[in-house]
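In case you want the letters, here they are:
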Amino acid sequence: MTATAKATFGEIAPAPSGPSRVHATMQLEFARDAARNITFLAASSQEAPLKVIRAFTLEDSSALVHLHNLSGGLLGGDHLTLKIVVGRQAFAQITTTGATRVYRHRREFSPTTQCNHFAVGEGALLEYLPDATIPFAGANYIQRTSIELTKNAGVFWWEILAPGRGASGELFEYDRFETRTCVCALGRKIAEENICLQPARRDMASLARLGPFRYAATFYMCRAGLDASTWRSSEDYLRCITAELSRPGEILWGISSLVADGLVVKCLAARGHEVLPGLHALWRKAKLLLYGRAAIPPRKVN
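Residue numbers restart at each chain and count upward from 1, following the sequence in its written direction. Predicted model: local features are reported for residues with pLDDT of at least 70 only, side-chain atom pairs are reported and counted for 80 or more only, and whole-chain, interface and lining totals are derived from all residues. Note that the side-chain values use all heavy atoms of the structure and ignore hydrogens as well as water.

### Observations concerning the overall build of the protein
Rules: Going along the chain from the N terminus, every DSSP run of H or I of four or more residues is numbered as a helix, and every run of E of two or more is numbered as a strand. With C-alpha atoms as the basis for the radius of gyration, the globule rule is written as 2.2 Å multiplied by the number of residues raised to the power 0.38. The rule is simple: take the accessible area with a 1.4 Å probe, protein chains only, and divide by the maximum for that residue type; under 20% is buried, over 50% is exposed, in between is partly exposed. Note on contacts: a residue pair is in contact if any heavy atoms of the two residues lie within 4.5 Å. Methods summary: accessible areas were calculated by the Shrake-Rupley approach with a probe of 1.4 Å, and residue burial reflects only the protein chains presented. Residues scored as positive are Lys and Arg, those scored as negative are Asp and Glu, and His as well as the terminal groups of each chain are ignored. The location of each charge is read from NZ of Lys, CZ of Arg, CG of Asp or CD of Glu.
In terms of regular secondary structure, the protein is built from three helices and 18 strands. Taking 302 residues into account, the globule formula puts the C-alpha radius of gyration at 19 Å, and the protein, at 19 Å, falls close to it. Scored against the burial criterion, the 302 residues of the protein give a buried share of 54%. Partitioning the contacts of the protein with sequence separation of at least 6, the portion at a separation of at least 24 is 75%. For the protein, the accessible area works out to roughly 13,100 Å², and carbon and sulfur atoms hold 51% of it. Computed over 35 positive and 27 negative side-chain charges, the inter-centroid distance for the protein is 2 Å.

### Points about the nonpolar core
The tendency in soluble globular proteins is for nonpolar side chains to be buried as a group. So the rule is basically this: Here, the term nonpolar core denotes a set of buried Ala, Val, Leu, Ile, Met, Phe, Trp, Tyr and Cys residues that are joined through side-chain atoms within 4.5 Å.
Counting 49 residues, the largest nonpolar core has Phe 30, Val 86 and Leu 149 as the members making the most contacts within it. It is strand E1 (residues 22-33) that provides the largest number of residues to this core, a total of five residues. Ignoring sequence-local partners within four residues, the contact set of Leu 149 consists of Val 120, Gly 154, Val 155, Cys 184, Ala 185, Leu 186, Cys 222 and Ala 224.

### Brief notes about the sheet that holds E1
To summarise the sheet geometry, strands pair through backbone hydrogen bonds and adopt either a parallel or an antiparallel arrangement. Test applied: The pairing criterion for strands is at least two bridges between them, as found by DSSP. Think of each axis as a best-fit line through the C-alpha atoms, taken over the contacting stretch in the case of a helix, with angles from 0 to 180 degrees between the N-to-C directions.
Judged by pairing direction, the sheet is mixed, and its seven strands sit side by side in the order E2-E1-E6-E9-E12-E14-E15 without closing on themselves. Looking along the sheet, the strands with just one partner apiece sit at the ends: strand E2 (38-45) and strand E15 (188-197). Pairwise comparison of adjacent strand axes, ignoring direction, gives a mean angle of 10° for this sheet. Across seven bridges, the pairing between E1 and E2 is antiparallel. Within the sheet, the bridge partner assigned to Gln 27 lies in E2 and is Ser 45.

### Things to note about the pattern of salt bridges
Applicable threshold: Every case where a carboxyl oxygen of Asp or Glu lies within 4 Å of a side-chain nitrogen of Lys or Arg is listed as a salt bridge.
Tallying each qualifying case throughout the model produces 18 salt bridges. In this structure, Lys 287 and Glu 127 form a salt bridge, with 3.0 Å as the shortest nitrogen-oxygen distance. On the criterion of sequence distance, the pair formed by Lys 287 in helix H3 (residues 275-291) and Glu 127 in strand E10 (residues 125-128) is long-range, its members being 160 residues apart. Like Glu 127, Lys 287 is buried. Taken together, the salt bridges that share partners define one network made up of Asp 60, Glu 127, Lys 287 and Arg 293.

### Side note on the environment of Tyr 220
This is how the line gets drawn: Counted as a polar contact is a pair of N or O atoms within 3.5 Å, where, for protein atoms, one must be capable of donating a hydrogen and the other of accepting one, and residues adjacent in sequence contribute only when both atoms are in side chains.
By secondary structure assignment, the location of Tyr 220 is in strand E16 (residues 215-223). Counting along the chain gives 44 residues from Tyr 220 to Val 264, while the straight-line C-alpha distance between them is 4.6 Å. Those residues in contact with Tyr 220 that sit more than four places away from it in its chain are Val 155, Phe 156, Trp 157, Thr 181, Ala 191, Glu 193, Leu 258, Leu 263 and Val 264. Among the polar contacts made by the side chain of Tyr 220, one reaches the side chain of Glu 193 at a distance of 3.1 Å.

### A closer look at unusual backbone geometry
Cis geometry is adopted by the peptide bond preceding Pro 49, which originates at Ala 48 and carries an omega value of 15°. As for its position among the elements, Pro 49 is in the loop between E2 and strand E3 (50-51). Unlike most non-glycine residues, Phe 172 shows phi in positive territory, near 55°. Backbone geometry at Leu 186 places phi at a positive 55°, although glycine is not the residue there. With respect to the secondary-structure elements, Leu 186 resides in the loop between strand E14 (176-185) and E15.

In structure tokens, the structure reads:
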């Protein structure tokens with residue numbers, strides 16, 4: 001981890017504010033086998049309830065792993081840490097086995113906390129493609145994410161936020177949903193995002209927050225070292241797709257360049273079923289633009 005990333009991650013790491021229930025860390029390291037031209041899971045360290053069973057080799061020789069939570073979701077007082085290292089020239093894809101459920105916070109415990117750090121080595125690519133996060137009524141959730149890219153390293157990283165358990169009539173009944181995300185490329189900070197949603201204190205229907213929409217998504221697509229003209233042309237091309245995907249009052253997509261080395265896509269939607277297909281459509285186009293390779297949707301396992 002570079003000094004910039006380490007300092008930033010240290011700054012955003014949450015301090016415990018009460019007793020915790022579980023402290024667990026998962027560390028995964030991917031490496032490339034040049035002789036067989038495949039990426040494999042070279043090392044793993046897992047603490048319950050976090051678990052990865054195995055890595056699958058995809059058609060393009062990249063490695064796919066599924067993140068499991070044996071608790072079925074995130075409980076009040078959980079402090080979980082995920083550390084992913086993708087080694088030189090390795091291509092790794094990570095997904096979840098389903099939506100991430102954040103359960104009701106128990107007052108005697110500290111907030112539910114998830115800290116993520118992703119380090120992508122020279123010429124490597126990480127595709128982090130989880131399902132939506134669903135905060136239940138009363139949930140109190142804090143997430144910190146740090147992404148570090150070295151020379152010619154890339155990342156496709158998204159997250160989707162649902163308003164709650166819609167089928168149960170729980171919409172924006174969580175106490176707090178707070179995330180901080182930092183992306184560094186070649187030792188330089190290229191993106192930093194801070195979000196804190198507290199529906200009981202701030203009206204979610206305000207135009208300063210979600211307005212008439214219920215679902216939100218963020219998608220970073222980065223590759224360190226590409227020139228500015230590549231990003232300008234990519235932004236122009238992908239903006240046409242976001243325009244096609246958008247329908248005023250129902251779903252809105254927007255895209256913009258980062259200060260260097262990447263683009264960020266934002267989505268707001270009244271219904272959730274169109275968000276993931278839209279992310280997949282943009283991912284397919286962006287991967288062809290930036291890598292000349294087809295995107296392979298992650299297989300799901302039960």
